[in-house]
Amino acid sequence: MEVLAQLSSVSVSFGLNDVLSDVNLILSSGESLGVAGANGSGKTTMLRVLATLQAPTKGAVEVLSKEVHPRAHIGFVGHEPSLNTFLTLRENLEFVADLRGIDHQEVTRAVNAVGLEPVSDRRTDTASQGMRRRADLARIAIIQPVLLLLDEPFSGLDADAGSIVDRLISNTTKRGGAVVLVSHHQDTLERVTDSMINL
């Protein structure tokens with residue numbers, strides 16, 4: 001199996017506050033990892049380090065080292081959906097597709113897959129949180145990242161929509177990618193990931 005991401009003795013501090021301390025992690029292709037921990041334990045910060053959005057204070061980070069532009073192959077679903085509120089839900093997804101040279105048919109497929117078709121032309125600032133979450137998951141379905149990072153992805157989703165997250169995780173690992181899922185719910189992590197760590 002190919003190593004897609006590695007953290008070696010990684011620590012992150014903000015001022016005098018240590019948010020992450022001496023974290024070691026190896027993530028291989030086809031692997032899904034669950035990350036548990038109390039509030040403030042550094043789970044989101046670790047995801048941001050893996051997404052190359054946060055530099056460590058100490059230690060070494062290697063993420064998708066064989067890719068010329070690694071960030072283009074990372075999909076990050078955070079607490080707030082990555083959407084422009086002045087565009088419709090569909091327009092947001094078409095913008096993502098255009099940036100990557102992806103046909104708009106893939107947008108239609110993703111919209112249908114997440115159950116957004118009836119409301120896809122709604123402006124994002126008038127859409128419910130659940131609709132926005134579904135659109136953010138559709139974004140991931142379109143870009144098909146090698147490394148998928150999920151921060152409490154089930155938050156704001158109804159039970160039916162939870163299966164969308166399950167499929168994204170399964171599809172990513174089957175393609176040879178890897179997934180890191182952060183959740184407060186250990187039973188969820190045990191259900192959808194291969195292994196777990198606690199921060």
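Everything that follows concerns the structure shown earlier in this document.
Cut-off values and rules
Residues numbered from 1 in each chain as written. Predicted model: local features only at pLDDT ≥ 70, side-chain atom pairs only at ≥ 80, totals over all residues. Heavy atoms only, no water. Helix = DSSP H or I, 4+ residues; strand = E, 2+ residues; numbered from the N terminus. Expected span 1.5 Å × (residues − 1). Buried < 20%, exposed > 50% of the residue type's maximum accessible area, 1.4 Å probe, protein only. Arc of directions from axis to C-beta. Contact = heavy atoms within 4.5 Å. Polar contact = N/O pair within 3.5 Å; in protein donor to acceptor, adjacent residues only side chain to side chain. Pairing = 2+ DSSP bridges. Core = buried A, V, L, I, M, F, W, Y, C linked by side-chain atoms within 4.5 Å. Axes fitted to C-alpha atoms, helices over the stretch in contact; angles between N-to-C directions.

J.: Sorry, what's going on with helix 2 (residues 89-100) here?
T.: Three- or four-residue spacings in an α-helix give side chains the same orientation, since the helix completes a turn every 3.6 residues. Here helix 2 is 12 residues long and its end C-alpha atoms lie 18 Å apart, about the 16 Å a rise of 1.5 Å per residue gives. All buried positions along helix 2 are accounted for by Leu-89, Arg-90, Asn-92, Leu-93, Val-96 and Ala-97. For helix 2, the angular spread of the buried residues around the axis is 160°, confining them to a single face. Residues Asp-98 and Leu-99 are exposed on helix 2 and point more than 90 degrees away from its buried face. On its buried side, helix 2 packs onto helix 3 (104-113) and helix 4 (129-143). Phi turns positive one or two residues past the end of helix 2, at Gly-101, with a value near 70°.

J.: Hey, could you run me through unusual backbone geometry in this one?
T.: The backbone of Ser-9 sits at a positive phi, close to 50°, despite the residue not being glycine. With respect to the helices and strands, the residue Ser-9 is situated in strand 1 (residues 3-14). One non-glycine residue with positive phi stands out, namely Glu-152, at about 50°. Secondary-structure assignment places Glu-152 in the loop between strand 6 (147-151) and helix 5 (159-174). For Glu-152, a relative accessible area of 13% puts it in the buried group.

J.: It is not clear to me how helix 3 should be interpreted in this structure. Could you clarify?
T.: All buried positions along helix 3 are accounted for by Val-107, Ala-110 and Val-111. Down the axis, helix 3 shows its buried residues gathered within 100° of arc, on one side only. Between a side-chain oxygen at the N-terminus of helix 3 and the backbone nitrogen of Gln-105 the separation is 2.7 Å; the capping residue is Asp-103.

J.: Is there a simple way to think about the side chain of Arg-134 in this case?
T.: By the element assignment, Arg-134 lies in helix 4. Side chain to side chain, Arg-134 and Asp-158 meet in a polar contact 3.2 Å long. Ignoring anything within four residues of it in the chain, the contact list for Arg-134 reads Val-114, Gly-115, Leu-116, Leu-157, Asp-158, Ala-161 and Ile-164.

J.: Got a minute to help me understand the pairing of strand 7 (residues 178-182) in this structure?
T.: Remember that side chains alternate between the two faces of the sheet whenever the strand is regular. A large share of strand 7 lies buried, amounting to five of its five residues. Where burial is concerned, the two faces of strand 7 agree: the one with Ala-178, Val-180 and Val-182 and the one with Val-179 and Leu-181 are both buried. As paired strands, strand 3 (residues 32-36) and strand 7 are joined by four bridges and run parallel to one another. Within strand 7, the position partnered with Val-35 by the bridge is Val-182. Relative to strand 7, strand 6 runs parallel, the two sharing five bridges. Its bridge partner being in strand 7, Asp-151 is matched across the sheet by Val-182.

J.: Hey, could you run me through the nonpolar core in this one?
T.: It is characteristic of soluble globular proteins that their nonpolar side chains tend to be buried jointly. Core analysis: the biggest nonpolar cluster contains 33 residues, and Leu-89, Leu-116, Leu-137, Leu-150 and Ile-169 have the highest contact counts within it. Breaking this core down by element, the ones donating at least two residues are helix 2, helix 3, helix 4, strand 6, helix 5, strand 7 and helix 6 (186-192). No other element matches helix 4, which puts seven residues into this core. If we skip the residues at most four places from it in the chain, Leu-137 touches Val-77, Val-114, Leu-157, Ile-164, Val-165 and Leu-168.

J.: It is not clear to me how the sheet that holds strand 6 should be interpreted in this structure. Could you clarify?
T.: Picture the strands of a sheet paired through backbone hydrogen bonds; they go either parallel or antiparallel. Taking strand neighbours across the sheet as the criterion, the five strands line up as 5-6-7-3-8 in an open arrangement whose pairing is parallel. This sheet does not close on itself; its edge strands, each paired only once, are strand 5 (74-77) and strand 8 (195-198). For this sheet, the mean angle separating the axes of adjacent strands, direction not counted, is 15°. Sheet analysis places strand 3 next to strand 8, joined by four bridges and oriented parallel.

Remember that the coordinates give geometry; whether it matters functionally is a separate question.
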